[in-house]
Amino acid sequence: MDRLEQVKEAADRLERERFAARCRELEQVYAGRDYRAMAVQAFTGLMDMAAEQDKETAWLGIFPLHVGLATGSHEVLLALYGEEFYFDPLPLCRYWRPPVFDLYFEEDMEQIMKELRRHFPRIWRYEEDAVRRLCVEYYHAALWRLCAGLEEEILETESFRRMKRAQRFTAFFGRFRGEGEILWQLENK
């Protein structure tokens, strides 16, 4: 096994141990009304834009951006598409920084890199970047869970009701212009 794989394997083991506690902390934070309301507001702001522009929407995409990992912004792209999906010439987009996720992730990275440096001398930047890309997947899974859990709250908003929707409306979570997983789907009667 080459050194990069060894570093990543050690990092994965460390993050797996840390993330169990972090996940419970995130659940507690987002169980509070304030943080849930902020999360729902990110979606309703986008839906208000669609209603104002009278855009018929069929797809809601939620994309954690890898550039946000590199820049430290940890932004998520929220996008509404028409039935044309990725071929929609004018999708509506909005950026969202889920509170607390970035703080917890950066704290984890600080501790994990500190521990890795004790076992692997002279960790190179590319190795640190690989560790960050690996460990952020845990946070993306938690974000997926949060977004799936917000379904009912989002569907009950006035913004969602005002937005014009196609016969089938689908919310999905995944990579921008890549694979994704359906969170929920609605059929208009």
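Residues numbered from 1 in each chain as written. Predicted model: local features only at pLDDT ≥ 70, side-chain atom pairs only at ≥ 80, totals over all residues. Heavy atoms only, no water.

**Student:** For the packing of aromatic side chains, give the residues involved together with the corresponding values.
**Tutor:** Evaluation of the coordinates by the stated rule reveals 16 aromatic pairs. Geometrically, the ring pair formed by Tyr 30 and Phe 101 is tilted, given 5.6 Å between the ring centres and 55° between the ring planes. Placement of Tyr 30 in helix H1 (residues 3-31) and of Phe 101 in helix H4 (residues 101-119) is noted, with a sequence separation of 71 residues between them. Note on accessibility: Tyr 30 and Phe 101 belong to one class, buried. With a centroid separation of 5.5 Å and 80° between ring planes, the pair formed by Phe 105 and Tyr 139 is classed as edge-to-face. (Phe/Tyr/Trp six-rings, centres within 6.5 Å; stacked < 30°, edge-to-face > 60°. Helix = DSSP H or I, 4+ residues; strand = E, 2+ residues; numbered from the N terminus. Buried < 20%, exposed > 50% of the residue type's maximum accessible area, 1.4 Å probe, protein only.)

**Student:** Give me the lowdown on the packing of H1 against helix H2 (residues 33-52), citing residues and values where you can.
**Tutor:** One can describe the packing of H1 onto H2 by two numbers: an axis separation of 5 Å at closest approach and a directional angle of 85°. With respect to their mutual orientation, H1 and H2 come out roughly perpendicular. For the pair H1 and H2, the contacting residues are Val 29, Tyr 30 and Ala 31 in the first and Arg 33, Tyr 35, Arg 36 and Ala 39 in the second. (Axes fitted to C-alpha atoms, helices over the stretch in contact; angles between N-to-C directions. Parallel < 35°, antiparallel > 145°, perpendicular 65-115°, else oblique. Contact = heavy atoms within 4.5 Å.)

**Student:** Account for helix H5 (residues 125-149), naming residues and giving values.
**Tutor:** The terminal C-alpha atoms of H5, which comprises 25 residues, lie 36 Å apart, in line with the 36 Å expected from a rise of 1.5 Å per residue. Its axis deflected by about 25° at Glu 137, H5 carries its strongest bend there. (Expected span 1.5 Å × (residues − 1). Bend = angle between axes of the 7 residues up to and from the residue.)

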